[in-house]
Amino acid sequence: MENENIKRKILLTPGPATTTEGVKYSQVVPDICPREKEFGELIQWIRRELTCIVGDNEDYATVLFGGSGTAAIESMICSSLSDNDKLLVISNGAYGKRICRIAEAYGLAFFEFKSSPKAMIDLDKLEQVLVEKEINHLAVVHHETTTGLLNDVASIGAICRKLNISFLLDAISSFASIPINMKEMHISFLAASSNKNLQGMPGVSFVIANKKSLDSLANKKTRCFYLNLYDQYQFLKKNKQFRFTPPVQTIYALKQALIEFKKEGLPNRYLRYAKSWEVLVDSLKELGLKMLLEEDIQSKLIVSVVEPESFEFEDFHDFLYEKGITVYPGKLTEEKTFRIGTIGDIDHRDMKIFTDLMQSYFKAD
Ligand SMILES: *Cc1c(COP(=O)(O)O)cnc(C)c1O
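What counts and what doesn't
Residues numbered from 1 in each chain as written. Predicted model: local features only at pLDDT ≥ 70, side-chain atom pairs only at ≥ 80, totals over all residues. Heavy atoms only, no water. Helix = DSSP H or I, 4+ residues; strand = E, 2+ residues; numbered from the N terminus. Rg over C-alpha atoms; globule rule 2.2 N^0.38 Å. Buried < 20%, exposed > 50% of the residue type's maximum accessible area, 1.4 Å probe, protein only. Contact = heavy atoms within 4.5 Å. Areas by Shrake-Rupley, 256 points an atom, 1.4 Å probe, with all protein chains shown as cover. Lys, Arg positive; Asp, Glu negative; His and termini not counted. Charge placed at Lys NZ, Arg CZ, Asp CG, Glu CD. Arc of directions from axis to C-beta. Near = heavy atom within 4 Å. Polar contact = N/O pair within 3.5 Å; in protein donor to acceptor, adjacent residues only side chain to side chain. Nonpolar A, V, L, I, M, F, W, Y, C, P; charged D, E, K, R; others polar. Axes fitted to C-alpha atoms, helices over the stretch in contact; angles between N-to-C directions. Parallel < 35°, antiparallel > 145°, perpendicular 65-115°, else oblique. Left-handed = near helix turned anticlockwise from the far one by under 90°. Pairing = 2+ DSSP bridges. Phe/Tyr/Trp six-rings, centres within 6.5 Å; stacked < 30°, edge-to-face > 60°. Lys NZ or Arg CZ within 6 Å of the ring centre and 35° of its normal.

## Here's the deal with the overall build of the protein
Part 1: Assigned secondary structure in the protein consists of twelve helices and 14 strands.
Part 2: A compact globule built from 365 residues should have a C-alpha radius of gyration of about 21 Å, and the protein, at 21 Å, falls within 12% of that.
Part 3: Judged by the C-alpha coordinates and their principal axes, the protein covers about 65 × 55 × 30 Å.
Part 4: Taken over 365 residues, the protein has a buried fraction of 57%.
Part 5: Considering only contacts within the protein whose residues lie at least 6 apart along the sequence, 70% involve residues at least 24 apart.
Part 6: Carbon together with sulfur atoms contributes 50% to the accessible area of the protein, which is approximately 16,100 Å² in total.
Part 7: Put simply, the protein has 45 plus and 49 minus side-chain charges, and the middle of one group is 5 Å from the middle of the other.

Here it is, written out as structure tokens:
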């Protein structure tokens, strides 16, 4: 099913990412009512496969929603706290801040634990605050896409285990590339979406959770309707259907994306991304461009580059966009940066095309 009209673009954005032809065309299917048994089987298959990436289907389950990644985060945050619960949110980038804003919108009792966006979290201080403030829920972003900083989820999980804290993880930009083991890392709830490292189409997000934690939500305060995690879980479990209309075609694309993910395997996917990162970093060094983070704390999934003097992001963007490459602006307010992602159906050869163009752009000035 080749289609000459779909030109391949290189998205160096942190998602939605470049997709394969297979994923693009898998959305062209006969119309189907999502309440049909056949569609229910597809949903069950997808739920099980997603769970497998981070846990076992015996103890863990996936709850799907139609919506972008933020929907899954909002669902787990607004569904898992009662009035007497206290949440600590680790904030070291724009996405940590977003969790705070969600907690605020629902009027939750929460504490913002601020940490430098450019350095590892001080775990001793974190533990001290958790004890002092009698916190029983903790939320953190695994990979802060704002900067490319990879937070130490295993160590945070160990603290949560020790203090008997329910651990909620925004794994949206790490899922399906950076290994996660929910049991070992003591993660109760994890949010992710279809269009980042999974390389599917945007429109499906999901929460993966410990079944015991999901069951415990029955006793929590109901704060939302559409995003109610417990209700969506119960409905999916009983009826093998979404409560409300699912994004049907996006789900077919997710099926294909999962087939391709299984074929490549998580370690190889990460290696492919990391190889593009190496090409990128070499080129930045050659140009004397500074990265916001030291190399050893980077995820290798996105790089935040400090803008040099008299740099105009729009001009750089338009120069590349004309050539089929999309780059992304920075998100930090204190420092001017732009960001280059390595995720999606691209490899080191595509990155080389980009870095060659970047060299010519900067050397032309
Ligand atoms: C992409 C992303 C999100 C979700 O963004 P949406 O636009 O809602 O899909 C949340 N957290 C992180 C860390 C992300 O990278």
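Having seen the structure, we can now continue with the description.
## Examining helix α11 (residues 313–321)
Part 1: Those residues of α11 not exposed but buried are F313, F316, H317 and L320. Seen end-on, α11 carries its buried residues on one side only, within an arc spanning 100°.
Part 2: Along its buried surface, α11 packs onto β12 (325–326), β13 (328–329), β14 (337–341) and α12 (348–364).

## Some thoughts on the site of the ligand
Part 1: In the neighbourhood of the ligand, 13 residues make up the surrounding shell, with S68, T70, T145, D170 and K196 lying closest.
Part 2: Between the ligand and T70, the relevant distance is 2.5 Å, taken from an oxygen atom to a side-chain nitrogen or oxygen of the residue.
Part 3: In isolation the ligand exposes 380 Å². Once the protein is present, 86% of that is buried.
Part 4: The element contributing the most residues to the shell around the ligand is helix α3 (residues 69–79), with three residues.
Part 5: In terms of residue class, the shell around the ligand is built from four nonpolar, six polar and three charged.

## Considering the packing of helix α2 (residues 37–54) against helix α9 (residues 248–264)
Packed helix pairs are characterised by how far apart their axes lie and by the angle those axes make with each other.
Part 1: Put simply, α2 and α9 touch, their axes get as near as 10 Å, and they point 45° apart. For the element pair α2 / α9, the angle class is oblique. Seen along the crossing, α2 lies across α9 with a hand that is left-handed. Together, F39, L42, W45, I46, E49, L50 and I53 of α2 and V248, I251, Y252, L254, K255, L258, I259, F261 and K262 of α9 make up the contact between the two elements.
Part 2: Per-class residue counts for the contact of α2 with α9 are 13 nonpolar, no polar and three charged.

## Some remarks on the sheet that holds β13
Part 1: The strand order across the open sheet built from three strands is β11-β14-β13, with neighbouring strands paired in antiparallel fashion. With one partner strand each, in any of the chains shown, β11 (302–306) and β13 form the two edges of the open sheet.
Part 2: As paired strands, β11 and β14 are joined by five bridges and run antiparallel to one another. Following the sheet pairing, S304 is matched in β14 by R339.

## Examining the packing of aromatic side chains
Part 1: One pass over the structure, following the stated rule, counts 13 aromatic pairs.
Part 2: Arranged with centres 5.8 Å apart and planes meeting at 45°, the rings of F225 and F244 form a pair that is tilted. Here F244 lies in the loop between α8 (229–239) and α9 and F225 lies in the loop between α7 (211–216) and α8, a separation of 19 residues in the sequence.
Part 3: Accessibility expressed as a relative area gives 31% for F244, which makes it partly exposed.
Part 4: Consider the rings of F316 and Y361, whose centres lie 5.0 Å apart with planes at 55°: the pair is tilted. Of this pair, F316 sits in helix α11 while Y361 sits in helix α12, placing them 45 residues apart in sequence. Comparing F316 with Y361 shows no difference in burial state: the two are buried.
Part 5: A network of ring pairs unites the aromatic residues F311, F316, F319, F338, F354, Y361 and F362 as a single cluster.
Part 6: One cation-aromatic arrangement involves K9 over Y321; the distance from NZ or CZ to the ring centre is 5.5 Å.

## Here we look at the pairing of strand β8 (residues 166–170)
Part 1: Counting buried positions along β8 gives five out of five residues, so the element sits mostly inside the fold.
Part 2: Burial along β8 is two-sided: S166, L168 and D170 and F167 and L169, pointing in opposite directions, are all buried.
Part 3: Inspection of the sheet shows strand β5 (residues 137–141) paired to β8 by five bridges, in the parallel sense. Along β8, the bridge assignment pairs A139 with L168.
Part 4: The pairing of β8 with strand β9 (residues 189–193) spans three bridges and is parallel. Across the sheet, residue D170 finds its bridge partner in β9, namely A191.

## Observations regarding the pairing of β11
Part 1: β11 sits mainly inside the fold: five of its five residues count as buried.
Part 2: The two faces of β11 match: I302, S304 and V306 on one face and V303 and V305 on the other face are all buried.

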